[in-house]
Amino acid sequence: MSGTKYVDSEGFLYAAPVREQGNIYKPNNKMMADELSEKAVHDVHTKEIDLVNRDPKHLNDDVVKIDFEDVIAEPEGTHSFDGIWKASFTTFTVTKYWFYRLLSAIFGIPMALIWGIYFAILSFLHIWAVVPCIRSYLIEIQCISRVYSICIHTFCDPLFEAMGKVFSSIRATVRKEI
C-alpha cells in the first residue's frame, strides 16, 4: 500500500493512506465515490493546529494581555533610575514568560485532561439528557396548551366579549369648572 506523498507545514514528508478501494478522501471506485458524494471528509481529531495564532477566536483578549506598563507605572515627577526601570521591566517580563511556561508544562496536560473530561460529560448530558427532556416536555406541553386554549376560547372569550359590549356604551366626559 503506497500512496502519494505530501509535505506538511513544518516540512515533514508523509505518505497519504491508500486502500484497495482507493484513498479514503479520493476514492477510486464508483460506489465509494457515490457514498461520499463529494462531501469533504473532516476529521476533528487530526486537524492542524496553529502554533503562531493560539487564540484565533480571541477568548483571552481582555483578560490575560497584561504588560509591565499595565501593572507598574511611574507618574511624571517620580522616576527611578533608568537602569532600575529597565531591570524591573526585564525581570517582570522574563519572570512572567518563564513562570507561565513552567506552570503550563507542569499543569497543562492534566488540566487539558480535566477540561476534556468535563466537556465530554457536559456534551454527553446535553445530547443524551437535556435535549431529549426538553423535546419531550415540548411534546407534552403542546397537548396541554391545546386543551388550555380550547377552554379559554370556549369560556373566557364569550364572557369578555359580553363585558366589552356592556362597557362599550359608557361615555366619560371631563369638564373643568372654574
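Residues numbered from 1 in each chain as written. Predicted model: local features only at pLDDT ≥ 70, side-chain atom pairs only at ≥ 80, totals over all residues. Heavy atoms only, no water.

Per an unreviewed UniProt entry, the recorded name for the protein is Caveolin, and the organism is Gallus gallus.

(A) Region of interest: the overall build of the protein. Of the regular secondary structure elements, the protein holds three helices and four strands. Start at the N end of the protein and walk to the C end: the helices and strands fall as β-β-β-β-α-α-α. When burial is assessed residue by residue, the protein has 4% of its 178 residues classed as buried. (Helix = DSSP H or I, 4+ residues; strand = E, 2+ residues; numbered from the N terminus. Buried < 20%, exposed > 50% of the residue type's maximum accessible area, 1.4 Å probe, protein only.)

(B) Molecular detail of the UniProt feature "transmembrane region" (unreviewed entry) in the protein. Annotation from UniProt places "transmembrane region" (unreviewed entry) at residues 102-129. Split by type, residues 102-129 is 100% helix and 0% strand. Its first and last C-alpha atoms lie 39 Å apart. (UniProt positions renumbered as here; feature names shortened; annotations may be inferred.)

(C) Local environment of the confidence of the model for the protein. Mean pLDDT for the protein: 81, with 74% of residues reaching 70 or above. Per-residue pLDDT, averaged within each element of the protein, yields its smallest value for strand S3 (residues 18-19) (48) and its largest for helix H3 (residues 82-168) (94). (pLDDT = per-residue confidence, 0-100.)

(D) Unusual backbone geometry, seen in detail. A positive phi is found at His58, a non-glycine position, where the angle reads about 55°. Note on placement: His58 falls in the loop between helix H1 (30-36) and helix H2 (68-71). Judged by relative accessible area, which is 49%, His58 ranks as partly exposed.

(E) Representation of the environment of Asp50. Looking at the secondary structure, you find Asp50 in the loop between H1 and H2. Of the residues examined, Asp50 reaches a relative accessible area of 45% and is grouped as partly exposed. Separated by 3.1 Å, the side chain of Asp50 and the backbone nitrogen of Val52 make a polar contact. A polar atom in the side chain of Asp50 sits 3.4 Å from the backbone nitrogen of Asn53. (Polar contact = N/O pair within 3.5 Å; in protein donor to acceptor, adjacent residues only side chain to side chain.)

(F) Just a nonpolar patch on the surface, in detail. On the surface, Phe99, Leu102, Leu103, Ile106, Phe107, Met111, Ile114, Trp115, Tyr118, Phe119 and Leu122 cluster together into a nonpolar patch covering about 1,100 Å² of accessible area. By the secondary structure assignment, Ile114 is in helix H3. (Patch = residues over 30% accessible without salt bridge, like charges linked within 9 Å, V, L, I, M, F, W, Y side chains within 5 Å. Areas by Shrake-Rupley, 256 points an atom, 1.4 Å probe, with all protein chains shown as cover. Salt bridge = Lys/Arg side-chain N within 4 Å of Asp/Glu carboxyl O.)

(G) Up close: the layout of surface pockets. Here the largest pocket is characterised by a volume of approximately 1,100 Å³. Taken together, 21 residues line the largest pocket, and the ones lying closest to its centre are Arg54, Asp55, Asn60, Val64 and Tyr100. Partitioning the lining of the largest pocket into residue classes produces seven nonpolar, four polar and 10 charged. (1 Å grid on protein atoms, 1.4 Å probe; cavity = no way out; pocket = protein on both sides within 12 Å on 5 of 7 lines; lining within 4 Å. Points joined across faces, edges and corners; volume = space filled by probe spheres on them. Nonpolar A, V, L, I, M, F, W, Y, C, P; charged D, E, K, R; others polar.)

(H) Representation of the packing of aromatic side chains. Enumeration according to the criterion identifies seven aromatic pairs in this entry. On the basis of an interplanar angle of 90° and a centroid distance of 5.4 Å, the ring pair of Phe68 and Phe89 is categorised as edge-to-face. Separated by 21 residues along the polypeptide, Phe68 in helix H2 and Phe89 in helix H3 bring together distant segments of the chain. Judged by its relative accessible area of 2%, Phe68 falls in the buried class. Assessed through its relative accessible area of 36%, Phe89 is described here as partly exposed. Aromatic ring contacts, followed pair by pair, group Phe68, Trp85, Phe89 and Phe92 into a single cluster. Positioned over the ring face of Trp98 is Arg101, at 5.3 Å from the centre of the ring. (Phe/Tyr/Trp six-rings, centres within 6.5 Å; stacked < 30°, edge-to-face > 60°. Lys NZ or Arg CZ within 6 Å of the ring centre and 35° of its normal.)

(I) Here's a closer look at H3. With 87 residues, H3 ought to run about 129 Å at 1.5 Å a step, yet its terminal C-alpha atoms sit only 86 Å apart, falling short of that. Along H3, the largest kink reaches about 50° and is centred on Phe107; proline Pro110 follows within four residues of it. (Expected span 1.5 Å × (residues − 1). Bend = angle between axes of the 7 residues up to and from the residue.)

(J) Local environment of the state of the cysteines. The final tally for this structure, using the stated rule, is zero disulfides. Distance from the sulfur of Cys156, which forms no disulfide, to the nearest cysteine sulfur (Cys151) is 8.8 Å. (Disulfide = S-S within 2.5 Å.)

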